[in-house]
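Survey of secondary and tertiary structure
Chain residues, written in single-letter form:
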Amino acid sequence: MRSRYHEVYESWENDPEAFWAEAARDIDWVKPWDKVFDAEAGVYGRWFPGAECNTCFNAVDRHVAGGRAGQLALIHDSPITGTQKKFTYAELLAEVTALAAVLQDQGVEKGERVIIYMPMVPEAVFAMLACARIGAVHSVVFGGFAARELATRLDDATPKLIISASCGIEPGRVVAYKPLLDGAIELARHKPSACIVLQREQLTCDLIPGRDVDYAETVKAAKAAGREVPCVPVAATDPLYVLYTSGTTGQPKGVVRDNGGHMVALKWSMENEYGVKPGEVFWAASDVGWVVGHSYIVYAPLLHGCTTILFEGKPVGTPDAGTFWRVISEHGVVALFTAPTAFRAIKGQDPKGTFVPKYDLSKFRTLFLAGERADPETIKWAERNLNVPVIDHWWQTETGGPISQNPVGLGQLPVKYGSPGVPMPGYDVQILDDAGHPVERGTLGNVVVKLPLPPGCLPTLWNADERFREAYLIEFPGYYKTADAGYIDDENYLFIMARTDDIINVAGHRLSTGGMEEVLAEHPDVAECAVIGIADAMKGQVPCGFVVLNAGVSRDAAEIEKEVVALVRDRIGPVAAFRIVVAIKRLPKTRSGKILRATMQKIADREEWKMPATIDDPAILDEIKAVLNARGIGV
Ligand code: COA
Ligand code: AMP
């Protein structure tokens, strides 16, 4: 099929407002908008001001009313617990309504925040939708974060209550959530009025009388009472959720998502970008704690009337490297979306793809990869073994959906290995040099998006318009700074090469090295420190810390290194995958005192590097190389 991409992109370029107004016809609105876009509102403008809507209504109720009541909406497939649960749209509505009633009984009102700190269980999805139903603003916190990270989010989002569970399950260990939850509340200045706790049979927990509420009991009572909770109309510009993501410091950024623009963008993407039809089974193998989980486990597939899969397991080890193919065949998945790291993990355990032919993958059409750069070797391995198109696409928590892609729904364009495709409608992507001038095609530079951002992107940061301006809008006036570096080729394909800030990408998880440095600096024996991301065959990158110990510290450096590793796990969480730290005599710096992190990273990754002209003492780099080599790094 000839791709319609170019004509569709042009139609957006010619009249963006008409384009999005047309897309918005696929959403049910309580009240239409006054303007499609108001450039004067908000920080850079707002989409669909004046309109009223409800996201839960569009994701659930309207499908029940429109003939999909008996169709599966959600499949919870949990190889880690050996269980499966399936919910039709009617059953999903019943679960969401009952929980919404419980939230209302707890006094949660429109606009109030609810933190959701849960493992990959169906109740996490019910919780998100129940908040949406009553106009509350959810903020999901990934289960792999430690108590202190949760506490930071509590203080920033100031939620009325928290919905959590007794435990999560990781390979080989049960993660007790309750101590983390209680610890976070203890640490935080802001105290929620209640916690709704889901007891899981793998590890139950004690509930604190007067504060904690049993999820199952209260939901059961709401169902028995036949409670009805109508969808509360909210402004299209009202926040649906706040999702915290790593910034350049330990203070995460609260990315705000609105209701109206978000629905329009996600609904449009399902058919046109992902090539999926209502009624089909879509699977995003991510976690609801990440943006991919928000957009493509929960909202987009449900808005589109698909069946979505919530997978509680890992690509390998639960029980083997064939688990993805088992899920695809068993549930008739047409499209899988995951991070390249998952495929590198599978490829590492089953290089010849021997598990693939054991399963019927006849319904499977497309594999989508995002979250980090998809290395060509991994793409080719997937193409060879699965025999479907493998589509790399690029996005960020901030955008909530793809900035660039190879839009299979509009007709696939030729695949270029190493490129996450071409800009999607809504995105005028450009490459600027550090002074803000456009560069020649093929030249590496700062990847920016011309304002305004399209519907679905963040309108601002939670309670922090100024931080939003500073972080994204000020450096290149008129543009949104993606903080990615890359280039555009002659056919408008994008190549995303690296971050321009301190963010690293570990197994598709976005982490701030600056945030880790703040933790390292807390250790009483550490005088100075630096954290860089170094290449890792499976995870893409892993953090590597350097510490300079205080003068006079006579303790064994190996002991201190162990303590530093434990400190990061305790403060940030296991998700940081922080295992490597080396004690060094001094850090390499410029004469003005800037730590030469980029040069250290090149030494660790055995990339070509030049001696920086401004270096204070060149001998330090030899010291760093020797220390890393002694650990088997950069050899
Ligand atoms: N709750 C508690 N702990 C968690 C967690 C959660 N929800 N998720 C991860 N962790 C822990 C892991 O158990 C591990 O702990 P450990 O140090 O005790 O082993 C640590 O955090 C690091 O986790 P992870 O980076 O996921 O590494 P892994 O070795 O367990 O698995 C992959 C590696 C590649 C298999 C896994 O990261 C993966 O499937 N990634 C692809 C999909 C994805 O999640 N993409 C993100 C956005 S698209
Ligand atoms: P997150 O906000 O967690 O989705 O992380 C966003 C960052 O991940 C981007 O800014 C990129 O640095 C990186 N990223 C995501 N998808 C891709 C991709 N397809 N190719 C290259 N980098 C990517």
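Thresholds applied
- Residues numbered from 1 in each chain as written.
- Chains lettered and ligands numbered in written order.
- Predicted model: local features only at pLDDT ≥ 70, side-chain atom pairs only at ≥ 80, totals over all residues.
- Heavy atoms only, no water.
- Axes fitted to C-alpha atoms, helices over the stretch in contact; angles between N-to-C directions.
- Helix = DSSP H or I, 4+ residues; strand = E, 2+ residues; numbered from the N terminus.
- Contact = heavy atoms within 4.5 Å.
- Near = heavy atom within 4 Å.
- Polar contact = N/O pair within 3.5 Å; in protein donor to acceptor, adjacent residues only side chain to side chain.
- Areas by Shrake-Rupley, 256 points an atom, 1.4 Å probe, with all protein chains shown as cover.
- Nonpolar A, V, L, I, M, F, W, Y, C, P; charged D, E, K, R; others polar.
- Domains from an automatic or database assignment.
- UniProt positions renumbered as here; feature names shortened; annotations may be inferred.
- Phe/Tyr/Trp six-rings, centres within 6.5 Å; stacked < 30°, edge-to-face > 60°.
- Buried < 20%, exposed > 50% of the residue type's maximum accessible area, 1.4 Å probe, protein only.
- Lys NZ or Arg CZ within 6 Å of the ring centre and 35° of its normal.
- Pairing = 2+ DSSP bridges.
- Salt bridge = Lys/Arg side-chain N within 4 Å of Asp/Glu carboxyl O.

Let's shift gears to the packing of helix 1 (residues 5-14) against helix 2 (residues 16-23). In a packed pair of helices, the relevant descriptors are the angle between the two axes and the axis-to-axis distance. Running from amino to carboxyl end, helix 1 crosses helix 2 at an angle of 115°, the nearest separation of the two axes being 5 Å. Each of Val8, Ser11, Trp12, Glu13 and Asn14 in helix 1 lies in contact with helix 2, whose residues at this interface are Pro16, Phe19 and Trp20.

The next subject is the site of ligand 1. By nearness alone, 24 residues border ligand 1, and Glu170, Arg173, Pro315, Arg569 and Arg579 come closest of all. Take Glu170: an N or O atom from its side chain is 2.5 Å from an oxygen atom of ligand 1. Protein burial of ligand 1: of its 930 Å² of free accessible surface, 85% is covered by the chains. For the shell around ligand 1, the elements supplying multiple residues, two or more each, are strand 10 (173-176) and helix 12 (340-349). When grouped by side-chain class, the residues that make up the shell around ligand 1 number 11 nonpolar, seven polar and six charged. Formed jointly, the shell around ligand 1 draws a minimum of three residues from each of two domains, domain 1 (5-313 + 393-486) and domain 2 (507-630).

Sequence positions flagged by UniProt for "domain: Acetyl-coenzyme A synthetase N-terminal" (unreviewed entry) are, in local numbering, residues 5-59. Split by type, residues 5-59 is 42% helix and 11% strand. Its first and last C-alpha atoms lie 27 Å apart.

This next bit is on the packing of aromatic side chains. According to the stated counting rule, one finds 35 aromatic pairs in the structure shown. The interplanar angle of 15° and the centroid separation of 5.2 Å between the aromatic rings of Tyr472 and Tyr480 together place this pair among those described as stacked. The exposure class of Tyr480 is buried, given its relative accessible area of 0%. Joined through ring pairs, the aromatic side chains of Tyr274, Phe282, Tyr296, Phe337, Phe368 and Trp395 make up one cluster. Directly above the ring of Phe145 sits Arg153, whose terminal nitrogen or CZ lies 4.6 Å from the centroid. If you follow Lys380 out to its NZ or CZ, it ends over the ring of Tyr417, 4.8 Å from the centre.

Take the sheet that holds strand 4 (residues 72-78) next. Reading across the sheet, the seven strands line up as 5-4-17-16-18-19-20 and stay open at both edges, with mixed pairing between neighbours. Both outer strands of the open sheet, strand 5 (83-88) and strand 20 (390-392), are each paired with one neighbouring strand and no more. Each neighbouring strand pair of the sheet contributes to a mean axis angle of 20°, computed without reference to strand direction. In this fold helix 11 (residues 323-331) packs onto strand 4, strand 5, strand 16 (281-284), strand 17 (307-311) and strand 18 (333-338), with an angle of close to 145° to the strand it touches most, strand 18. Each of strand 19 (366-369) and strand 20 touches helix 13 (residues 376-386); the most contacted strand, strand 20, lies at about 155° to it.

Let us look at the environment of Pro402. Here Pro402 shows up in strand 22 (residues 402-405). In sequence terms Pro402 and Arg469 are 67 residues apart; their C-alpha atoms lie 22 Å from each other. Residue contacts for Pro402: discarding those within four places in its chain leaves Glu273, Tyr274, Tyr296, His393, Trp394, Trp395, Met424 and Tyr427.

Here we take up the site of ligand 2. Taken together, 15 residues form the shell around ligand 2, and within it His393, Thr397, Asp484, Arg499 and Arg510 come nearest. Here His393 contributes a backbone N or O atom positioned 2.7 Å from a nitrogen atom of ligand 2. For ligand 2, whose accessible area on its own is 490 Å², the fraction buried by protein is 93%. For the shell around ligand 2, the elements supplying multiple residues, two or more each, are strand 21 (394-395) and strand 27 (494-499).

We now examine the pattern of salt bridges. In total, this model carries 39 salt bridges according to the counting rule given. Ionic pairing is found between Arg571 and Asp570, a salt bridge with its closest N-O pair at 2.8 Å. By relative accessible area, which is 47% here, Asp570 ends up partly exposed. Salt bridges linked by common partners bring Arg148, Glu522, Asp570 and Arg571 together as one network.

Moving on, we come to the UniProt feature "domain: AMP-dependent synthetase/ligase" (unreviewed entry) in the protein chain. Within the UniProt annotation, "domain: AMP-dependent synthetase/ligase" (unreviewed entry) is assigned to residues 70-450. Each end of residues 70-450 is marked by a C-alpha atom, and these two atoms are 44 Å apart; helix forms 31% of the span and strand 26%.

With that settled, consider unusual backbone geometry. Omega for the peptide link from Thr318 to Pro319 comes to -5°, which places this bond in the cis form. With respect to the helices and strands, the residue Pro319 is situated in the loop between strand 17 and helix 11. The phi dihedral of Asn387 falls on the positive side, at around 60°, and the residue is not glycine. Secondary-structure assignment places Asn387 in the loop between helix 13 and strand 20. In this structure Asn387 comes out as exposed when scored by relative accessible area, which is 68%. For Asn463, which is not glycine, the phi dihedral falls at a positive 55°. Structurally, Asn463 is set in the loop between strand 25 (445-450) and helix 14 (465-473).

Our focus in this paragraph is the environment of Cys205. As for its position among the elements, Cys205 is in the loop between strand 11 (194-198) and strand 12 (212-214). Taking the C-alpha atoms as reference points, Cys205 and Val276, 71 residues apart in sequence, are found 41 Å from one another. Setting aside residues no more than four positions away along its own chain, Cys205 makes contact with Ser166, Lys178, Val197 and Gln199.

This part takes up the sheet that holds strand 24 (residues 429-432). Pairing within the open sheet is antiparallel, and its four strands lie in the order 24-25-26-27. Of all the strands in the sheet, just strand 24 and strand 27 have a single pairing partner and so form its edges. The mean inter-strand angle of the sheet, taken between neighbouring strand axes irrespective of direction, is 50°. The pairing of strand 26 (residues 479-488) with strand 27 spans five bridges and is classified as antiparallel. The residue of strand 27 that forms the bridge with Ile488 is Leu494.

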